[in-house]
Amino acid sequence: MTDQIRLLVVEDVPQVAQYIRGLLNSQSAIKLLDVVSDGSRVLNLITELRPDVVLVDALLQGRVKGLTLVDQINQAGARVPVIVLTVPQQPVATDLSHGIHGVLAMPFTGYELVTRLQQVHQAAATMDQFGTARMITLFAPKGGVGKTTLAFNLAVAVGQQGMRTVLIDGSLQFGDMRALLKVPMEAPSLLDLPTDRIQESDLADVLWRDPSGIDILLAPPRVEMAEMVTVRDLEKTLSLLRRVYEVVIVDTPAVVNDINLCFLDNSDTILEVVTFDSTTIHSTMVMADAFRMIGYAPTKVRYLINRADSTGGFDPEVLARALGRVPEHSVGSGGALVVRANNEGIPFVLADPNAQISQDVTRTATELVGRASVAGRR
Ligand SMILES: Nc1ncnc2c1ncn2[C@@H]1O[C@H](COP(=O)(O)OP(=O)(O)OP(=O)(O)O)[C@@H](O)[C@H]1O
Ligand SMILES: [Mg+2]
C-alpha cells in the first residue's frame, strides 16, 4: 500500500514498545519500520529507512536522551516530523522550531495513535514545514534596549554565513532602518507590495538591497501610513518571504498590538532583548506572563542580554532567577564602534569583525541559525 505512513519508533521501555506494536498490529494505515532503544543510532536509521514520521519517547535514557535526540534530528535537517511521547506529569509542548511536530501523552488508544500520526504526517506534507525560512523577531517591551542595532547586525552576520537573509523593519510608525541605512524617503516600503496575489517577482522592486548583502523590507516613510498595513496583508507577505529566504529577521517597536503579535505568532523564535536595568527586567517579567497566557511554548522565547558587561551593580543571578533561566545569548557593550557604525549606516560586524561585540553577534547568529539547523531545507 503506497499510502501507508512509515513509522520509526524510538523507545527503550520494552513494555511501552510492546504496547505500541500491539496497537499497530491490527491496522494497515501505519507501517512500523523498526523500534530502536538506542538514541545514538537514530540519525543513521532515518537516512537508511526514510521514515515518514519518527516517534520519540521524551523519557528515553542512555547516551542520547529523548529531547536531545529530537533536537539532533531537527538540527541535522532530517526533514522528518517527530512526535514526542510523554506522560501527563511531564508535559511537552508542540514546538516546530525545535522539531517537535506533535505530542502524545500516555496512555493512548490505537485510534489516538494512528490519528496523531496521520495529522502530523499530513501537516508536514501540506505545510512544507521544512521548506520555510527560520523567522526570528527581536522584541522587547521596553524601548531603546538595542533591538534595531542588533537586528541589523544579526541579519548581516547571518547573511555572512551564506544564508539568504531578509530583514524586516517592523517598526511601522517610526521605522529606524531608513535613517540608519541612509535610504531615501522615496525608496519603496511594505506598503508598495501588492495586497492580493503577491508573488516572488514583486519583491525585487520593493526590497532594499543593502551593500552588506542582505535585503531589507522597509517600513512606510511616514507615521500615518503605518495604519494602512493590515494583519492579513502582513501574513501574506511573511508567508512569501519565508518561501523565498532562508532566514527572516524582524525588528519591532516596544509595543503589543495586532501587527506585533502577527510578527510574534509567525516567528519560530522571539529574541527578547534584556538589559541590566530594573524597569526593563520588570517589563520582561510582565511580558513573560503575557507570552504564557498567549500559549507560546517557553522554548519559543530566547533571551538576549545586551550590554552584558554593563551590569550596573545588578547581580546576573538575580536576573536569571527572575527569568527562570540564564539568558541564552549575550552581547557586550560596543561603545564608540557602535555609535560610529550606526552613524555611518554600516554594520559593525563588517566594519570591525574582530571587535568583541562583532564576535558576540556572530556567535549569536550561529547559535540561532547555525548551518546545520538549516541544512537540507532547500
Ligand atoms: N551593545 C551595545 N553597545 C553600545 N551601544 C549600543 C548597544 N546596543 C545598542 N546600543 C545603542 O543604544 C541606542 C539604542 O539602540 P537601538 O536604537 O538599537 O534600540 P531599540 O531597542 O531599537 O530602540 P527603540 O525601542 O527606540 O526602537 C543606540 O544609540 C545604539 O547605538
Ligand atoms: Mg528600534
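Before going further, it helps to examine the pairing of strand β3 (residues 53-57). Counting buried positions over the five residues of β3 gives five, a clear majority of the element. Here β3 shows no split at all, with Val53, Leu55 and Asp57 on one side and Val54 and Val56 on the other all buried. Two elements, β3 and strand β4 (residues 82-86), share four bridges in a ladder whose sense is parallel. Looking at the pairing, valine 56 lines up with valine 84 of β4.

Moving on: the domain arrangement of the protein chain. One can read the domain layout of the protein chain as domain 1 (5-127) and domain 2 (134-374). Between domain 1 and domain 2, the C-alpha centre-to-centre distance is 34 Å.

In the vicinity of ligand 1 lie 22 residues, with Gly143, Gly146, Lys147, Thr148 and Thr149 positioned nearest. No other element matches helix α12 (residues 335-344), which puts four residues into the shell around ligand 1. For the shell around ligand 1, the per-class residue count stands at eight nonpolar, eleven polar and three charged.

Counting 62 residues, the largest nonpolar core has Leu154, Ala155, Val166, Leu167, Val248 and Ile249 as its most contacted members. Ranked by residue count, the leading element in this core is helix α5 (residues 147-160), at eight residues. Excluding residues within four positions of it along the chain, leucine 167 makes contact with Ala151, Phe152, Ala155, Ile214, Ile216, Ile249 and Asp251. Grouped together as the second largest cluster of nonpolar side chains are 31 residues, Leu7, Val9, Ile73 and Ala124 included.

For the rest of this paragraph, the subject is the packing of α5 against helix α14 (residues 356-369). Viewed as axis vectors pointing N to C, α5 and α14 meet at an angle of 70°, and their least axial separation amounts to 9 Å. With respect to their mutual orientation, α5 and α14 come out roughly perpendicular. The chirality of how α5 crosses α14 is right-handed. Here Leu150, Asn153, Leu154, Ala157 and Val158 of α5 lie close against α14, whose contacting residues are Val361, Thr362, Thr364, Ala365 and Val369. Among the residues forming the contact of α5 with α14, the class breakdown is seven nonpolar, three polar and no charged.

In this section: the sheet that holds strand β1 (residues 5-10). Overall, parallel pairing links the five strands, which are arranged β2-β1-β3-β4-β5 in an open sheet. Looking at the sheet topology across the chains shown, the edges are occupied by β2 (30-36) and β5 (102-105). Between one strand axis and the next, the sheet turns through 25° on average, direction left out of account. With six bridges joining them, β1 and β2 adopt parallel strand pairing. Each residue of the ladder has a partner; that of valine 9, found in β2, is valine 35. In the packing of helix α1 (residues 14-25) onto the sheet, the strands contacted are β1, β2 and β3, and the crossing angle to β2 comes to about 165°. Sitting on the sheet, helix α3 (residues 66-75) touches β1, β3 and β4, and the angle it makes with β3 is about 155°.

The rules we used
- Residues numbered from 1 in each chain as written.
- Chains lettered and ligands numbered in written order.
- Predicted model: local features only at pLDDT ≥ 70, side-chain atom pairs only at ≥ 80, totals over all residues.
- Buried ≥ 20, exposed ≤ 12 C-beta atoms within 10 Å, placed from the backbone.
- Helix = DSSP H or I, 4+ residues; strand = E, 2+ residues; numbered from the N terminus.
- Pairing = 2+ DSSP bridges.
- Domains from an automatic or database assignment.
- Near = placed C-beta within 6 Å.
- Nonpolar A, V, L, I, M, F, W, Y, C, P; charged D, E, K, R; others polar.
- Core = buried A, V, L, I, M, F, W, Y, C linked by C-beta atoms within 7 Å.
- Contact = placed C-beta atoms within 7 Å.
- Axes fitted to C-alpha atoms, helices over the stretch in contact; angles between N-to-C directions.
- Parallel < 35°, antiparallel > 145°, perpendicular 65-115°, else oblique.
- Left-handed = near helix turned anticlockwise from the far one by under 90°.

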